[in-house]
Amino acid sequence: ISQIKKMKYILVSGGVISGIGKGVISSSIGTILKSYGHRVTAIKIDPYLNIDAGTFSPYEHGEVFVLDDGGEVDLDLGNYERFLNVKLHKDNNITTGKIYQHVISKERRGDYLGKTVQDKVVPHVTDAIMEWVERVAKIPVNGDSAEPEVCIIEDQLGGTIGDIEGMPFVEAFRQFQFRVKPENFCNIHVSLLPQPSTTGEQKTKPTQHSVRALRGLGLSPDLICCRSQSPIEMSVKEKISNFCHVAPEQVITVHDVSSLYHVPMLLEKQNLSAYFNKRLGLTKRPKKSMLSQWQNLAEKYDRIQSSCNIALVGKYTRLEDSYASVIKALRHAALAINRKLVLTIIDSTELEEETLKEKPVVYHDAWKQLCLADGVLVPGGFGPRGVEGKVAAVKWARLNKKPYLGVCLGLQVAAIEFARTVLNMEDANSSELNPNTSHPVVIDMPEHNKGDMGGTMRLGQRRTVFQTEDSILRKLYNQPHNFVDERHRHRYEINPTYIHLYEEKGFMFVGHDVEGLRMEIMELKGKESRIEVLQVALTLAYNQPDNTKHCKHVCRLNYSSLVKLRSSYKKNKNHPYFVGVQFHPEFLSRPIQPSPPYLGLLLASCNKLESYIQRGNRLSPRERIYITDEESSENELEVFSQLTGDSNSLSSIESK
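Residues numbered from 1 in each chain as written. Predicted model: local features only at pLDDT ≥ 70, side-chain atom pairs only at ≥ 80, totals over all residues. Heavy atoms only, no water.

### Side note on the nonpolar core
- Ranked by internal contacts, the top residues of the largest apolar core, which has 49 residues, are I10, I29, L33, I188, L267 and F276.
- Two domains share this core, each providing at least three of its residues, namely domain 1 (8-300) and domain 2 (304-527 + 573-619).
- Residue contacts for I10: discarding those within four places in its chain leaves I29, L33, V150, C151, I152, I153, C186, I188, F276 and L280.
- Counting 43 residues, the second largest nonpolar core, distinct from the first, contains Y363, W396, A428 and I499. (Core = buried A, V, L, I, M, F, W, Y, C linked by side-chain atoms within 4.5 Å. Buried < 20%, exposed > 50% of the residue type's maximum accessible area, 1.4 Å probe, protein only. Domains from an automatic or database assignment. Contact = heavy atoms within 4.5 Å.)

Dropping the structure here:
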């Protein structure tokens, strides 16, 4: 009788300080294991009483990441999805609030058979934690019905080991290691090795204290991952080994690198896959291409010389993690077109007229940064603060034909700006921002519950149906069907009453929801008024020989003739890329598969969008991000044939 395979659990805890990269290390370990053919899932534990992350300010824990099932979770689950290319579920994020809610619900149902539910945490809370982990670890995450083989658990434990709010989870995993048997449980402790500039010496004492505290609570680390500025010297490894009860080869160096793409390879070079095979009894399997793709990514990132400057106009600018997925989606897209992202984060309040009065230097500096950008992005957000600055940025991008992408609120402020400027609705606004506006072009959704805030938005994966073939985004998505599935998180939507007025002026809603009631994608088609066309045509005519004759002729033409005439003087160039989406495409962006809306923004900002679409959504051979084994010979022949005109003649290639 074949033995049933046991789930393998890898617990990642932190010490000394929080924010030292437990999420990236956990994701990188998963990437290594998945590259050897193991099915991997991940769980993130946060020891706060909130049920989920949905009501957090971005300044608390960074952005709120949204999953397919509508779960509003910690941003680290975004790292897991991007690194492992999996689809997680809301139960993959465990909070103290969820555990207590679960325990109290069981008590109300009478599941404890009249027994006292202990306020000392043991056994009811710890049992609930262990049961939750075992249940969630078995949920398929690869889009099929196959259960995962390895579950990586990032246990926040209050940020660092010993914090009081994390103690129920520490005790739960102390018991858990015996519940699942030691051969199925591995503990990795991530610690900081500070290196004071005065001495330049890597200090091990904080790590020693952290490991001692962890062992005192009943958990002994199998691996110690040491975060440091530079690679750890062997003498330092030996010192940690002596005082922390591990072998020197079990002390892993994770020093600062140029990009996160290097981290999986950095860990694999220290034989982590071999260690897990031995420690957890994993089946040895041949390495797949996933790790080599990460190697290609890392090398490509280091080689890139050209850059592209994108201005991110937001309101939560004090903490970069507030826009973690947005920034990563921009980096994925930039890397895909051989550009290094230069990100300029601009506080939208600094673009407003009030700032000009109070802080003119700050105001002019913010506008200077915006004007120097190659493209503009306005991400999501809530509340009135900074909205007028975003409206001003949208107007500047539209009038100056700067590539623009608006996400969620970014779509809504684009609609507000267009209504005010083009549709002559001077007080057009959102009902969220001004309930008394006479032109509520953005309204709250009918199902929106104004009483409760948590979990009441339109959340999770929803389908968007394209209404036309003539859509930039439809060409960028390049799907055989006429719809895309993206993740949403919003309470407000474009008011359908005004749709016909927008589209008459070229502000086209090319994507709707499946019922056709909600506007999901907007693209500016660049339809201009007769006055605007006449102005351009007259300017061009004035620059021609015998300009008086040309100008008189221009003034007598109707609209269609004006457009044709202007085209004869100079090619009529519409806005290169002015797109708004109600969904959040950044949540599904991957390093190897960048999000199409973000890719379009970067392509347009580098003047490559038109040629990219003409080539069938391909860069020129010299600009390709990847050349896989299957593609390499084809692409080499394509390059050679362009150089020689003959892909079959080696002598011709050499002579050329």
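On we go.
### Quick look at the environment of V407
- Among the structural elements, V407 can be located in strand β13 (residues 404-407).
- Note on V407: relative accessible area 0%, which makes it buried.
- For the pair formed by V407 and I521, sequence separation is 114 residues and the distance between their alpha carbons is 9.7 Å.
- With sequence-adjacent residues up to four places away left out, V407 is seen in contact with L377, V378, P379, G380, V581, F583, H584, P585, E586 and Y598. (Helix = DSSP H or I, 4+ residues; strand = E, 2+ residues; numbered from the N terminus.)

### Let's talk about the sheet that holds strand β15 (residues 440-444)
- The mixed open sheet is built from 3 strands, whose spatial order is β14-β15-β18. Lying at the two open borders of the sheet, with one neighbouring strand each, are β14 (429-430) and β18 (492-494).
- Pairing analysis gives 2 bridges linking β14 to β15, with the strands arranged parallel. Opposite S430, over in β15, you have V442 as the bridge partner. (Pairing = 2+ DSSP bridges.)

### Some points on the environment of L192
- Tracing the chain through its elements places L192 in strand β7 (residues 185-192).
- A relative accessible area of 22% means that L192 is categorised as partly exposed.
- Those residues in contact with L192, other than ones at most four positions away along the chain, are G15, V16, I17, I20, P206, T207 and R227.

### With respect to the packing of aromatic side chains
- The final tally for this structure, using the stated rule, is 19 aromatic pairs.
- A centroid spacing of 6.3 Å and a plane angle of 65 degrees characterise the contact between Y261 and Y301, whose relative ring orientation is edge-to-face. Residue Y261 is located in the loop between β9 (251-255) and α9 (263-268), and its partner Y301 is located in helix α11 (residues 289-303); the two are separated by 40 residues in the primary sequence.
- Judged by its relative accessible area of 25%, Y301 falls in the partly exposed class.
- In textbook terms, an aromatic cluster arises when at least three aromatic residues are bridged by ring pairs, as seen for Y9, F173, F176 and F185. (Phe/Tyr/Trp six-rings, centres within 6.5 Å; stacked < 30°, edge-to-face > 60°.)

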